[in-house]
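Working through the structure, step by step
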Amino acid sequence: MSFNSPEYEDATSNADSRNSDMSTDTAKPAESHPSSKASLLDNGEDFELLDGDDYDDDDDDLTGLPPLEDTEAAKLKKERDQSKAVMMETPLENPKGTESISGHSPGEGDEVEDWIDVLGNGLLKKKTLLPGKGEDTRPVKGQLATISVKTTLADGIVVEEEQNVTFMLGDGDVMQALDLCMQLMQLEEKAMIQSDARYAYGSLGRLPDVPPNASLHLEVKLLKVEDGPDLETLTGTAKIDLANQKRERGNYYYQRAEYVYAINSYDIALRIIDTTSKVHFTPSEEEQLLDVKVKCLNNLAASQLKLEHYEAALKSCNSVLSHQPENVKALFRKGKVLALQGEYGEAIAILKGALKLEPSNKTIHAELSKLVKKHNEQKNVETAMYKKMLGTTGHVPGKRNRKSSWNFPWKWLFGAAVVAVGGVALSVIIASRN
């Protein structure tokens, strides 16, 4: 098992080597992943380990990015050129930035109030182009929605057109703009959505076709609504695939530094795995489910660490170790959490245990050396503080100090004896006078 960090291994080569495995073993989310050409992981962290997307123990960590949906540069350029040509022939007039992809705007045949301000902040709007079959056909959280969607940049350049995209509402399987607006759409309704970058691809964009901080126009049609799967009756293979899909979505969010959403996806995957089943699973399926669970817990701990939720991260690490006591990733992260909580002694002991399992792991060596140094510094500070409280100097007391420490009790005893003798003598004199 390899645990190379970005410091010791080229993340790009790792990501590229996984592309073929990902495309066949697991379902892709509807939204494309970020480019593998530039890792979005925090390479400043000493031991960035995110469980990978395959089951090969020799390539288990995910220091690179999940595979990017293949996009040929020539094809993209051609589409952009065609879009620009269309735009030149039929220029869009959009002084207020409210025009839809189809050419409709609030001032041209439609009233301004036709646009629904979904969140009340003006950053996400929806307008019905063709009505659907009634409000009772709107999908709700937990149902599966199948849509067709045309995505366009604000300047009219078409990014992509997709048909029969299916996702679970409320699980974060697609961009927030779609997830939020879909619950306001009726079956067979066609709508226009205008989304700020915050509810689309954010400050990172989705290179090369969606630039950073890009607003998007989405022309959407709701094709089908159906209930989500019954987790208790899922076959072993279906349960593994569904859990892996949610885990991969969590990896997507993690690598975009959207850790809250990553935690949500990992938590959904764990709930899928832990749901009781009415179906018998083979030993191989049970083993694969445990493998996915351990990966989700490890990645959950990594996300919680990023948000400085140390107690939650410690709980996730302990959950991994309850299944696999010698899981190096969980041991390392547990040691790191304890160190961040100031428990250097316990953290050092755990990292030493991890190092015994992987003696050649440079990252654990580095972290252990750093903790030992910090622990020694902490002990020196505590020693100096205790000496200051006791009023002693920094040097070890010598023979003279030990001798002087005995002088005070003897002087005290001598004085007490003199007082006692004086008292007896005074009593004798008084008695003789009487």
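Below: a short report on this structure. As the structure is a prediction and not an experimental result, all values here were calculated from the model.

Next up on the list: the overall build of the protein. A count of helical and extended segments in the protein gives eleven helices and six strands. For the protein, with 434 residues in total, the buried portion stands at 43%. With an accessible surface of roughly 23,200 Å², the protein has 55% of that area assigned to carbon and sulfur atoms.

For the pair helix 5 (residues 259–274) and helix 6 (residues 283–306), interaxial distance at closest approach is 9 Å and the crossing angle is 155°. For the element pair helix 5 / helix 6, the angle class is roughly antiparallel. Viewed along their axes, helix 5 and helix 6 form a crossing whose handedness is left-handed. Two secondary-structure elements touch here, helix 5 through Tyr259, Ala262, Ile263, Tyr266, Ala269, Leu270, Ile273 and Asp274 and helix 6 through Leu289, Val292, Lys293, Cys296, Leu297, Asn299, Leu300, Ser303, Gln304 and Lys306. When its residues are assigned to classes, the contact of helix 5 with helix 6 shows twelve nonpolar, three polar and three charged.

The buried fraction of strand 5 (residues 190–195) amounts to five of the six residues, a majority that puts the element mostly inside the structure. Note that strand 2 (residues 124–130) and strand 5 share six bridges and pair antiparallel. Note that in strand 5 the partner of Thr128 across the bridge is Ala191. Looking at chain direction, strand 5 and strand 6 (residues 216–227) are connected through six bridges and run antiparallel.

Before going further, it helps to spend a moment on the packing of helix 6 against helix 8 (residues 328–340). For the pair helix 6 and helix 8, interaxial distance at closest approach is 10 Å and the crossing angle is 20°. Between helix 6 and helix 8, the angle is such that the two are roughly parallel. For the crossing formed where helix 6 meets helix 8, the hand is left-handed. Contacts between helix 6 and helix 8 pair Asn298, Ala301, Ala302 and Leu305 from the former with Lys329, Ala330, Arg333, Val337 and Leu340 from the latter. Along the lines of polarity and charge, the residues of the contact of helix 6 with helix 8 split into six nonpolar, one polar and two charged.

Moving on, we get to the nonpolar core. Core analysis: the biggest nonpolar cluster contains 75 residues, and Ile147, Leu178, Met182, Leu218 and Val220 have the highest contact counts within it. When sequence neighbours within four positions are dropped, the list of residues in contact with Ile147 reads Glu162, Gln163, Asn164, Val165, Phe167, Leu178, Met182, Val220, Lys221, Leu222 and Leu223.

The next subject is the environment of Ile273. With respect to the secondary-structure elements, Ile273 resides in helix 5. Overall, Ile273 belongs to the buried group, its relative accessible area being 10%. Residues Ile273 and Lys293, 20 residues apart in the sequence, show an inter-C-alpha distance of 6.9 Å. Setting aside residues up to four positions removed in sequence, Ile273 forms contacts with Lys239, Ala243, Leu289, Val292 and Lys293.

What counts, and where the lines are drawn
- Residues numbered from 1 in each chain as written.
- Predicted model: local features only at pLDDT ≥ 70, side-chain atom pairs only at ≥ 80, totals over all residues.
- Heavy atoms only, no water.
- Helix = DSSP H or I, 4+ residues; strand = E, 2+ residues; numbered from the N terminus.
- Buried < 20%, exposed > 50% of the residue type's maximum accessible area, 1.4 Å probe, protein only.
- Areas by Shrake-Rupley, 256 points an atom, 1.4 Å probe, with all protein chains shown as cover.
- Axes fitted to C-alpha atoms, helices over the stretch in contact; angles between N-to-C directions.
- Parallel < 35°, antiparallel > 145°, perpendicular 65-115°, else oblique.
- Left-handed = near helix turned anticlockwise from the far one by under 90°.
- Contact = heavy atoms within 4.5 Å.
- Nonpolar A, V, L, I, M, F, W, Y, C, P; charged D, E, K, R; others polar.
- Pairing = 2+ DSSP bridges.
- Core = buried A, V, L, I, M, F, W, Y, C linked by side-chain atoms within 4.5 Å.

Taken by themselves, the reported measurements are silent on function.
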